[in-house]
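Understanding the architecture of this molecule
Read off the chains here:
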Amino acid sequence: MNIANPDSAGKFDFSQIIDRKGKDALSLEVIPFNDAEVKKGFSKIPMWIADMNFATAPTILDHITSRARHPAFGYFQPSDEYFDCIVNWQKQRNGVMDIPREAIGYENGVLGCFSSVLQAFTAPGDPVLFHAPTYIGFQAVMKTNGRRIVTSELIRDNDGVFRIDFEDCEKKIRENHIHLVVFCSPHNPTGRVWEKEEIARFCEICQQNNCIIFSDEIWSDLILKNYKHTPTQSVSEDAKMRTIAAYAPSKTFNLAGLIGSYHIIYNETLREIVKKRSDMSFYNNMNVLSMHALIGAYQPEGQEWLDQLREVLTGNVDYACNFIQTHFPLVHVTKPQGTYLLYLYCADWLEKNNMQIDELIRKGVSVGVIWQDGRPFLEDNTIRMNLALPRCLVEEAFDRLDRYVFN
């Protein structure tokens, strides 16, 4: 199998195995499956929660430590540099021109923004449309807010590519009188990067049915080679004015522990309503080090780091998908176009081997491959895998799966 390995090629070293023990790493400290244990003699390879096992961009550390050297951490406001960095990043990465400063607002995480949107535009018991498989976090927010999930299943075409079932979407929206939809772009967990025409058609359905769109674009920087992200707000003037888009540097640069996302809302009315709801908690406030982390991330060197990371992730995805096709022919996977996630469909393998998905998951964990049960994403007999690790660990994980689990 000849898959290029760019881990250690280029300006930044993505081959380094970082020792995260005792450094607040949930991915290592928790096994996300009841009663599953790693057998003696096997190291843990974290492949579940969406957390990268790479050192972040050096400019982020530079900006954080520079600010931390100053001994005062009192009240503050987001700086002009913070907003300018976001405007320039969106221009350079996504071709979005002239975002007005007032359209940008801080959020304590994409899910925090979504919670505010839910409370602002729906009532308890109201339905909200999602595509399935559906990100676990959205489901949790829906449950805690007492809203009802309505799903439209993504369908795989003859080439195995996930597609939106537009007819089903429109039917579900009309039958359930839905006025808020969630659009995950790129899609988690399938890794689908939507084409402009697909987004435009979906937005037209929303326009025809008077739906507000919450567009989760937290994965928009992590697009694999030969694909391009299209912001939902860019496909039409109507989409621009009915969409609440949520972004963050957290997935891109592995900064989840610092907290810090932002929204882009062009529609003044929507923006004021969301801001009012977010402010009611008296908690939706930025951390000063989080601000400097974003500024550090959104530097030219951060762009260089990201471009090399995308090469590394593309290589890991190619390696994993080719390995599965060659060694696990009854396990089906659609190669993602974005993110660093694989979503494995294991039903055929389970049936042939007379095994239940719980046993398969435990077998993987027993040899140190800490992967994630895919059923909470609303698809049976599935497993989600995180490939944001140095190549040597990806290869070791699949070697263990080949020797001890699938064969």
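Residues numbered from 1 in each chain as written. Predicted model: local features only at pLDDT ≥ 70, side-chain atom pairs only at ≥ 80, totals over all residues. Heavy atoms only, no water.

Some words on unusual backbone geometry
Note the threshold: Each helix is a run of H or I in the DSSP string that is no shorter than four residues. Each strand is a run of E no shorter than two, and both are numbered from the N terminus. Here's how the labels work: a residue is buried when its accessible area is under 20% of the maximum for its type, exposed when over 50%, partly exposed in between, all with a 1.4 Å probe on protein chains only.
Omega for the peptide link from S185 to P186 comes to -5°, which places this bond in the cis form. For P186, the location among the structural elements is in the loop between β7 (180-184) and α7 (196-208). The amide bond that connects N188 to the next residue, P189, takes the cis arrangement and shows omega of 20°. Locating P189 in the fold gives a position in the loop between β7 and α7. For I259, which is not glycine, the phi dihedral falls at a positive 60°. Relative to the helices and strands, I259 is located in the loop between α9 (250-253) and β10 (261-264). A residue is classified by how much of its surface remains accessible, and I259, at 44% relative accessible area, is partly exposed.

Some thoughts on the pairing of strand β15 (residues 382-386)
Going by this rule: Paired strands are those between which DSSP finds at least two bridges.
In terms of burial, β15 is largely enclosed, as five of its five residues are buried. One ladder, built from five bridges, connects strand β12 (residues 341-345) with β15; its direction is antiparallel. When the bridges of β15 are listed, L344 appears paired with I383. Pairing of strand β14 (residues 372-373) with β15 involves two bridges; the strand directions are antiparallel. Looking at the pairing, Q372 lines up with R384 of β15.

Overview of the packing of helix α2 (residues 58-68) against helix α11 (residues 288-297)
Put simply, the rule is: Axis lines are fitted to C-alpha atoms, over the contacting stretch for helices. Their N-to-C directions set the angle, which ranges from 0 to 180 degrees. Each helix crossing is assigned a hand: it is left-handed if the near helix lies turned anticlockwise from the far helix by less than a right angle, otherwise right-handed if that turn is clockwise. Should any heavy atoms of two residues lie within 4.5 Å, those residues are considered in contact. Side-chain classes are defined by residue name, with Ala, Val, Leu, Ile, Met, Phe, Trp, Tyr, Cys and Pro counting as nonpolar, Asp, Glu, Lys and Arg as charged, and the others, Gly among them, as polar.
The N-to-C vectors of α2 and α11 enclose an angle of 145°; their axes lie 7 Å apart at closest approach. Remark: the crossing between α2 and α11 carries right-handed chirality. Only V288, L289, H292, A293, I295, G296 and A297 of α11 make contact with α2, whose side of the interface consists of T59, I60, H63, I64, R67 and A68. The residue makeup of the contact of α2 with α11, split by class, is eight nonpolar, four polar and one charged.

A word on the pattern of salt bridges
Selection criterion: Salt bridges are defined by distance alone: a side-chain nitrogen of Lys or Arg within 4 Å of a carboxyl oxygen of Asp or Glu.
The full count for this structure, using the stated rule, is 20 salt bridges. Here K172 and D168 are joined by a salt bridge, their closest N and O atoms 3.2 Å apart. Separated by four residues within a single helix, K172 and D168 lie in helix α6 (residues 166-175), roughly one turn from each other. Its relative accessible area of 21% is what places K172 among the partly exposed residues. Each of D157, R163, R192, E195 and E198 takes part in a single network of salt bridges with overlapping partners.

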